[in-house]
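# Structure assessment
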Number of protein chains: 2
Amino acid sequence: MPRSKDSARANLQNLYRIFTVPEAPDSTLGRIDQAITDNVTGFLQKHIVALENSLTDIEKSFDDPRIPEEPTFVSDYTEFIKENLVAQSVHTAAPGFIGHMTSALPYFMLPLSRIMIALNQNLVKVETSKAFTPMERQVLAMLHRLIYSETDEFYRRWIHDSRYALGAFCSGGTIANITALWAARNQLCAPAGNFRGITNEGFYSAMQHLGCRGLAILVSRRGHYSLGKAADLLGIGRKNLFLVETDDQNRIKMSSLRNQCQRLQDEGIRPLSLIGIAGTTETGSVDPLEEMADLAQEIGCYFHVDAAWGGPTLFSEKYRGLLRGIERADSVTIDAHKQLYVPMGAGMVLFKDPATLSAIEHHAAYIIRHGSKDLGSHTLEGSRPGKAMLVHAGLSIIGRKGYELLIDQGIERARRFAEMIKEHPDYELVTSPELNILTYRYNPAPVQEALRRADIEMTREINELLDKVIKRIQKRQREAGKSFVSRTRLAPARYHDETITVFRAVLANPLTTEDILVSVLEEQCEWARHPEISPLLDRLQEMTAAA
Amino acid sequence: MPRSKDSARANLQNLYRIFTVPEAPDSTLGRIDQAITDNVTGFLQKHIVALENSLTDIEKSFDDPRIPEEPTFVSDYTEFIKENLVAQSVHTAAPGFIGHMTSALPYFMLPLSRIMIALNQNLVKVETSKAFTPMERQVLAMLHRLIYSETDEFYRRWIHDSRYALGAFCSGGTIANITALWAARNQLCAPAGNFRGITNEGFYSAMQHLGCRGLAILVSRRGHYSLGKAADLLGIGRKNLFLVETDDQNRIKMSSLRNQCQRLQDEGIRPLSLIGIAGTTETGSVDPLEEMADLAQEIGCYFHVDAAWGGPTLFSEKYRGLLRGIERADSVTIDAHKQLYVPMGAGMVLFKDPATLSAIEHHAAYIIRHGSKDLGSHTLEGSRPGKAMLVHAGLSIIGRKGYELLIDQGIERARRFAEMIKEHPDYELVTSPELNILTYRYNPAPVQEALRRADIEMTREINELLDKVIKRIQKRQREAGKSFVSRTRLAPARYHDETITVFRAVLANPLTTEDILVSVLEEQCEWARHPEISPLLDRLQEMTAAA
């Protein structure tokens, strides 16, 4: 299709307009932008439809695989987005949505994000980031100090020494955990004699060099699924990720961990790393970090702590003791998009020893040259946005004491919610909140009573029915869109270690009031009376009456 | 330090304000936000200081490792950011900055980014992303179709089938390349008989199962440094990443590639993947993809194409033929934050066969359960922001024809710049632009003349001096802040394959006019007369006069 010269020129001019002419304030996009600026909560409440459409319906708006040939007006596109994307999004910031690890964002994050995006810096190299590079290094030092409390002299020495890095900033906890284990693996299989290191020679040669058949990662069965990915990716293998038993508080059983380590060594498998969890994703539990550090030291093995969730507990003078021992970890993962209240896409891993990350150092001819200040030489990712700015903003504007308040309030809110659940006859608290996460289930008083007397077989039958009830309540509640709790599966000792389905609540949104928590429980009781669910409860009643 | 109850309550109220009260329009942050909205180019021009401060000076603003105890007013913090961060940033969007792969952003990206950030969805699971999930799947299908042009029936079948994925959206090209090679590795070492796959059993067992001593990745020596990271991370080892010779156009030499493959097989190393490059980072060259696909097919090996830079050339009817053969790749990497003009932090990898990504599939009890629509089951990363929305916006608003214009203009602008360089007596074009990247160097006419007659020894001496000249000009130009070209090292055949330092120009910013290109060259000539640089040129003159 030959185009006339004139129309080509017109197209070109339109194209330049896209790059040079801002959206008018009274354009559709300008108005939405302003509405979000003025009142993001109101905007979201007004535009996100409460009642959930089925995913199949939503998919219909997104089922054309063809890239549109012709340009579209921004206003038309914005209308489309408003109706089909914004309206059908999840109200992650709503205070009644206590099932996610995302919460309301501080208002200042929005305009600051715009500055970050407008600047469009690339943190891989200092030539495209300049002041963002020292700022990111400062953020890493601040978090490092929060965990390891080294001396002023230590930070003066290392904070801006480009040959080393106190940590790596990344898109999230998964990359952070992988980075830690990558560094650990390469450190264990470092160059020695003729062996040029696993970096150069690969996994197979490294095992021949070490004289073992494999490496192992040990974590409790509450470990995050990213560790399975890490084991796969790094060539360790998922079967060598050992998920160790937990005690009644969902903390790793030290005796089992110790036995497992012994067994591995007998089998010629080298423990690469113990991983402690400071705030498990499902129950918010904290492993006995001190004891794990002792064991790691004893067997000469790396010790990583996944504090993606619980790390910010260190802000609290009252509760930081819950993480005792974390300062002995070789590395610690913290997610900024969780309890630092930064928008999605910001994680960090901090290393006790500034030399550890050298095990994964890399360079190229045109960037991250030796001796440059480029941060890209110590990160798994390449090009990266300046998200560290938002962490810097949070730490500066909210301050240590502000975060302390947020943490304290969250933990206390979770304890209050736990009490409410315990006091309610038709709910069962499954795991108490050690931090600000708890699990529970709907379980009518008579059924609870029957469970106390039931044998294993009967217990299993009751729990299977209850599982169905929980799943259906959770789904109905989510679809109704007023509030949200998530669900998971746990194997509490009280039910002979068999898995049951539970509700999971995360109390991190500072706007979640006690009234809202009351209404969440009330709503679940209401759903239990729904015709799709009540017959299950009737059957339970019959079963337990007969028993 | 015991706090009074009253002051604790006051603190709490201040904290809630952060989450509930927007920045006032006349606040410092509000005014900056508005200024960016009204005229981002003007804002950046006004606030980014032209003259570069030394990094050591900048570091002084970011050298306190202590997290502030007390909260700071948003306005005070904003002043700090304006003076110390914004002012000291890199003007990546300026049309005279032709050394980066980041360019000006379309205006609509800013307000749309705010919508994305305000919604704060998490793409790992549908419960926190809802409409964003099908939208991301659509974006992947659109890019898949751009590359592979499958039938409507194909896309109807796969686009929303949650058990499969046409690709993975990620934070950038590095993760995209790693994801591709991870899938390739796991597919090659898939479960068979008693062997439960490399995923479960790890690299060592996998080699025993395959009966080989290692795996190899083959790419030209222009390959991106992320491939070295991938080789390290995946347990393959950097020594098994073979950097194959290139021809005069910086394309992989097929005869060398073929010989290398043969040699590997003789040594018991299994070729895992050939990697073709569609737009090398340094020279923008495109490998002979068709021939590479033939060879991969012949030796039964995976074929990945790194089109992080050049992929969008497929939008152009005129130039898409340059990438012929890309449709035969098993997977293709494309960066959206490069030539799709999306803000930093968006990459993709597309897979020809929707079943390939199943090789890295994973699940967890509480999310990305089997059968769910959660995108997290097929990505390396975990929690992820809704960046796909901005790609969707670009494809919709700019359209195929709009991107075509951008691509065509870029290539033609690069050709024009190449002509300008060739016509100028004191510049030497080192690599011609195949796409929109070229390299050149300052090289005074008499020196060029002398080089034509020089022997190897003399050539080396001249080039060593020229290298210094180039480095200093590049540094001076960068520090002056008016314009920017990057530099790299190449080994052209004309200089006996010895490496020289060159300027690198990337012509992707639609606002870069011919006048700007003229002034970039003029400025470099001026810097050549700087007292730090001219003595080097005097020495060159003496040397060449003597010869």
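Before reading further, recall that the structure is shown in the block above.
Read on for a plain summary of the structure. Because the structure is predicted, anything quoted here is derived from the model rather than measured.

Next up on the list: the overall build of chain A. Helix and strand counts for chain A stand at 19 helices and 11 strands. What you see for chain A is a C-alpha radius of gyration of 26 Å, in line with the 24 Å of a compact globule of 547 residues. Taken along the three principal axes of its C-alpha coordinates, chain A extends 85 × 70 × 50 Å. Residues classed as buried in chain A amount to 65% of the 547 residues present. Charge centroids of chain A, computed over 63 positive and 68 negative side chains, lie 4 Å from each other.

Glancing now at helix H6 (residues 109–119) of chain A. Residues and elements named next belong to chain A. With 11 of 11 residues buried, H6 lies mostly within the body of the structure. Regarding H6, the residues found buried are Met109, Leu110, Pro111, Leu112, Ser113, Arg114, Ile115, Met116, Ile117, Ala118 and Leu119. Looking one or two places after H6, you find Asn120, whose phi comes out positive at around 50°.

Backbone phi values are negative for most residues with the exception of glycine, while trans is the configuration of most peptide bonds. Residues and elements named next belong to chain A. Phi is positive for Ser149, close to 45°, though the residue is something other than glycine. With respect to the helices, strands and loops of the structure, Ser149 is situated in the loop between helix H7 (132–148) and helix H8 (152–158). The phi torsion at Asp497 lies on the positive side, around 60°, for a residue other than glycine. Along the polypeptide, Asp497 turns up in the loop between strand S10 (486–490) and strand S11 (500–506).

The two copies are related by a screw operation: chain A maps onto chain B through 180° of rotation and 0.0 Å of translation along the axis, at an RMSD of 0.0 Å. What we have between these two chains is a two-fold relation. A share of 100% of interface residues in chain A that are also interface residues in chain B marks the association as one of identical surfaces.

Here we take up helix H13 (residues 289–299) of chain A. All names here are of chain A. Looking only at H13, the buried set comprises Leu289, Met292, Ala293, Leu295 and Ala296. All buried residues of H13 fall inside an arc of 165° around its axis, so they share one side. Summarising the geometry of H13, the exposed residues directed more than 90 degrees from the buried face are Gln297 and Glu298. In this structure, the buried residues of H13 make contact with helix H12 (254–266), strand S4 (269–277) and strand S5 (302–306). Directly after H13, the chain includes Gly300, whose backbone phi takes a positive value near 65°.

Before going further, it helps to spend a moment on the sheet that holds S11 of chain A. All names here are of chain A. Spatial ordering of the open sheet is given by S8-S9-S11-S10, a layout of four strands whose pairing is antiparallel. Lying at the two open borders of the sheet, with one neighbouring strand each, are strand S8 (427–431) and S10. With strand direction ignored, the average angle separating the axes of adjacent strands in the sheet is 45°. Inspection of the sheet shows S8 paired to strand S9 (residues 437–442) by four bridges, in the antiparallel sense. Note that in S9 the partner of Leu429 across the bridge is Tyr440.

With that settled, consider the layout of surface pockets. All names here are of chain B. Estimated volume of the largest pocket: approximately 920 Å³. Forming the boundary of the largest pocket are 46 residues, of which Glu52, Lys475, Arg478, Glu479 and Phe484 lie nearest the centre. Among the secondary structure elements, those contributing two or more residues to the lining of the largest pocket are helix H3 (40–47), helix H17 (456–480) and helix H18 (514–528). In terms of residue count, H17 provides more of the lining of the largest pocket than any other element does, seven residues in total. When its residues are assigned to classes, the lining of the largest pocket shows 13 nonpolar, 14 polar and 19 charged.

All right, on to the sheet that holds S5 of chain A then. Strand pairs in the sheet, formed through backbone hydrogen bonds, run parallel or antiparallel to each other. Residues and elements named next belong to chain A. One open sheet accounts for seven strands, arranged S1-S7-S6-S5-S4-S2-S3; its pairing is mixed. Pairing within the sheet leaves two strands with one partner each, and these edge strands are strand S1 (167–170) and strand S3 (241–244). Pairs of neighbouring strands in the sheet enclose a mean axial angle of 20°, with direction left out of account. Relative to S4, strand S2 (residues 214–220) runs parallel, the two sharing six bridges. What sits directly across from Val219, in S4, is Ile275.

How big an interface is tends to be expressed through the accessible area that disappears when the partners come together. Facing 165 residues of chain A, the contacting portion of chain B comprises 165 residues. At the boundary of chain A with chain B, total buried surface from both sides reaches about 15500 Å², with 65% on carbon and sulfur atoms. Where chain A packs against chain B, one counts 12 salt bridges. Of the charged contacts, one joins Arg114 of chain A and Asp33 of chain B as a salt bridge, the two residues approaching to 3.0 Å between their closest N and O atoms. Scanning the region where chain A abuts chain B turns up 64 residue pairs in polar contact (both at pLDDT 80 or more).

All right, on to the pattern of salt bridges then. All told, the structure shown has 74 salt bridges over all chains when counted by the stated rule. Between Arg185 of chain B and Asp232 of chain A there is a salt bridge, and its shortest N-O distance comes to 2.9 Å. With one member in each of two chains, Arg185 of chain B in helix H9 (residues 173–188) and Asp232 of chain A in helix H11 (residues 226–233) form a pair that bridges those chains. Between Arg251 of chain B and Glu434 of chain B there is a salt bridge, with the nearest N and O atoms lying 3.4 Å from each other. One end of the pair, Arg251 of chain B, is in the loop between strand S3 (241–244) and helix H12 (254–266); the other, Glu434 of chain B, is in the loop between strand S8 (427–431) and strand S9 (437–442), with 183 residues separating them in the sequence. When its relative accessible area of 26% is taken as the criterion, Arg251 of chain B is described as partly exposed. A network of salt bridges, in which partner residues are shared, links Asp33 and Arg114 of chain A together with Asp33 and Arg114 of chain B.

The buried count for S8 of chain B comes to five of five residues, which makes it a mostly enclosed element. Here S8 of chain B folds back onto S9 of chain B in antiparallel fashion, the turn holding five residues.

A few words now on a positive patch on the surface. All names here are of chain A. A cluster of basic residues, Lys468, Lys471, Arg472 and Arg539, forms a positive patch at the surface. In terms of residue count, the dominant contributor to the positive patch is helix H17 (residues 456–480) (three residues). The topology assignment puts Lys471 in helix H17.

Residues and elements named next belong to chain A. In the structure shown here, the tally under the stated rule is 26 aromatic pairs over all chains. Here the aromatic rings of Tyr440 and Phe503 are separated by 5.1 Å at their centres, their planes lie at 55°, and the arrangement is tilted. One end of the pair, Tyr440, is in strand S9; the other, Phe503, is in strand S11, with 63 residues separating them in the sequence. No difference in accessibility class separates Tyr440 from Phe503, as the two residues are buried. Against the face of Trp158 rests Arg157, its NZ or CZ located 4.0 Å from the ring centre.

A few words now on the side chain of Ser220 of chain A. All names here are of chain A. With respect to the helices and strands, the residue Ser220 is situated in strand S2. A relative accessible area of 0% places Ser220 in the buried class. Ignoring sequence-local partners within four residues, the contact set of Ser220 consists of Leu243, Val244, Thr246, Ile252, Ile277 and Asp287.

Turning next to the environment of Val349 of chain A. Residues and elements named next belong to chain A. Structurally, Val349 can be placed in strand S7 (residues 347–351). In this structure the C-alpha to C-alpha distance between Val349 and Glu245, which are 104 residues apart in sequence, comes to 26 Å. Apart from residues no more than four positions distant in its own chain, Val349 is found in contact with Leu166, Gly167, Ala168, Ala176, Thr179, Ala180, His304, Ser331, Val332 and Thr333.

As a further point, take the pairing of S9 of chain B. All names here are of chain B. With six of its six residues buried, S9 lies for the most part within the structure. With burial as the criterion, each face of S9 is covered, one bearing Ile437, Thr439 and Arg441 and the other bearing Leu438, Tyr440 and Tyr442. Here S9 runs beside strand S11 (residues 500–506); their pairing, made up of four bridges, is antiparallel. Along S11, the bridge assignment pairs Ile437 with Val506.

Attention shifts here to the side chain of Arg222 of chain B. In this structure, Arg222 of chain B sits in the loop between strand S2 (214–220) and helix H11 (226–233). At a separation of 3.4 Å, a polar atom in the side chain of Arg222 of chain B contacts the side chain of Glu282 of chain B.

Cut-offs and rules
Residues numbered from 1 in each chain as written. Chains lettered and ligands numbered in written order. Predicted model: local features only at pLDDT ≥ 70, side-chain atom pairs only at ≥ 80, totals over all residues. Heavy atoms only, no water. Helix = DSSP H or I, 4+ residues; strand = E, 2+ residues; numbered from the N terminus. Rg over C-alpha atoms; globule rule 2.2 N^0.38 Å. Buried < 20%, exposed > 50% of the residue type's maximum accessible area, 1.4 Å probe, protein only. Lys, Arg positive; Asp, Glu negative; His and termini not counted. Charge placed at Lys NZ, Arg CZ, Asp CG, Glu CD. Least-squares fit on C-alpha atoms with pLDDT ≥ 70 in both. Contact = heavy atoms within 4.5 Å. Arc of directions from axis to C-beta. Pairing = 2+ DSSP bridges. Axes fitted to C-alpha atoms, helices over the stretch in contact; angles between N-to-C directions. 1 Å grid on protein atoms, 1.4 Å probe; cavity = no way out; pocket = protein on both sides within 12 Å on 5 of 7 lines; lining within 4 Å. Points joined across faces, edges and corners; volume = space filled by probe spheres on them. Nonpolar A, V, L, I, M, F, W, Y, C, P; charged D, E, K, R; others polar. Buried area = accessible area lost by both parts, 1.4 Å probe. Salt bridge = Lys/Arg side-chain N within 4 Å of Asp/Glu carboxyl O. Polar contact = N/O pair within 3.5 Å; in protein donor to acceptor, adjacent residues only side chain to side chain. Patch = residues over 30% accessible without salt bridge, like charges linked within 9 Å, V, L, I, M, F, W, Y side chains within 5 Å. Areas by Shrake-Rupley, 256 points an atom, 1.4 Å probe, with all protein chains shown as cover. Phe/Tyr/Trp six-rings, centres within 6.5 Å; stacked < 30°, edge-to-face > 60°. Lys NZ or Arg CZ within 6 Å of the ring centre and 35° of its normal.

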